[in-house]
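Each chain, letter by letter, is given below.
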Amino acid sequence: SLFTIVDKETCIACGVCGVTCPQIFDYDINGLSEVIIDDNHGSKQIPELFYEDVIDAYESCPSESIKISEKPFHGNPKKYE
Ligand code: F3S
């Protein structure tokens, strides 16, 4: 399983993630990214179809704000740091 969450405290609204995987990431009114499948809670499993794109976004984020884990984040992007 794979889970993802955006740390909105460090996101610099660069816009890469929403282009890389628009099915999972979109921007709020301030341009900050969030995970749209579970209101950026990081608790809903990513459909396997999107694993590659999510990992791509994770690796491309310039501020390392996209977190990924095999376990759910329960709303805390810093849970596994
Ligand atoms: Fe923010 Fe990183 Fe996406 S800076 S807009 S989370 S690629």
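Our subject is the structure that appears above.
What comes next concerns the included structure. No experiment lies behind these values; they were computed from the predicted model shown.

Assigned secondary structure in the protein chain consists of 2 helices and 4 strands. From first element to last, N terminus to C terminus, the protein chain shows the α and β order β-α-β-β-α-β. Summarising its shape, the C-alpha atoms of the protein chain cover approximately 30 × 25 × 20 Å along the three principal directions. Taking as baseline every contact in the protein chain between residues at least 6 positions apart, the subset at least 24 positions apart corresponds to 62%. In the form shown here, the protein chain has an accessible surface area of approximately 4,700 Å², with 49% of it arising from carbon and sulfur atoms. Taken together, the 6 basic and 15 acidic charged side chains of the protein chain have centroids lying 8 Å from each other.

Looking now at the environment of Asp-26. Turning to its location among the elements, Asp-26 is positioned in strand β2 (residues 25-27). Looking at Asp-26, the relative accessible area reads 39%, which means it is partly exposed. For the pair Asp-26 and Ile-37, spaced 11 residues apart in sequence, the C-alpha to C-alpha distance is 9.8 Å. Setting aside its immediate chain neighbours within four residues, Asp-26 contacts Leu-32, Ser-33, Glu-34 and Ile-36.

Let us look at the packing of aromatic side chains. Per the stated rule, a full pass over the model turns up 1 aromatic pair. For the pair Phe-73 and Tyr-80, a centre-to-centre distance of 5.3 Å together with 65 degrees between the ring planes defines the contact as edge-to-face. Taking the relative accessible area as the measure of exposure, Tyr-80 reaches 37% and is therefore partly exposed.

One water molecule sets the probe size; rolling that probe over the atoms shows where empty space is left. Taken as a whole and assessed by the stated rule, the structure comprises 1 cavity of 30 Å³ or more. Of the volumes computed, that of the largest cavity is approximately 90 Å³. If you trace the largest cavity, you find 15 residues lining it, with Cys-11, Cys-14, Cys-17, Ser-33 and Cys-61 closest to the centre. The residue makeup of the lining of the largest cavity, split by class, is 11 nonpolar, 4 polar and no charged.

Here the focus is the site of the ligand. Around the ligand sit 14 residues in total, of which Cys-11, Gly-15, Cys-17, Cys-61 and Ser-63 are the nearest. A majority-of-atoms criterion places the ligand in the largest cavity. The class makeup of the residues in the shell around the ligand is 10 nonpolar, 4 polar and no charged.

So, how was this worked out
- Residues numbered from 1 in each chain as written.
- Predicted model: local features only at pLDDT ≥ 70, side-chain atom pairs only at ≥ 80, totals over all residues.
- Heavy atoms only, no water.
- Helix = DSSP H or I, 4+ residues; strand = E, 2+ residues; numbered from the N terminus.
- Contact = heavy atoms within 4.5 Å.
- Areas by Shrake-Rupley, 256 points an atom, 1.4 Å probe, with all protein chains shown as cover.
- Lys, Arg positive; Asp, Glu negative; His and termini not counted.
- Charge placed at Lys NZ, Arg CZ, Asp CG, Glu CD.
- Buried < 20%, exposed > 50% of the residue type's maximum accessible area, 1.4 Å probe, protein only.
- Phe/Tyr/Trp six-rings, centres within 6.5 Å; stacked < 30°, edge-to-face > 60°.
- 1 Å grid on protein atoms, 1.4 Å probe; cavity = no way out; pocket = protein on both sides within 12 Å on 5 of 7 lines; lining within 4 Å.
- Points joined across faces, edges and corners; volume = space filled by probe spheres on them.
- Nonpolar A, V, L, I, M, F, W, Y, C, P; charged D, E, K, R; others polar.
- Near = heavy atom within 4 Å.
- Sits in = over half its atoms within 2 Å of the grid points.

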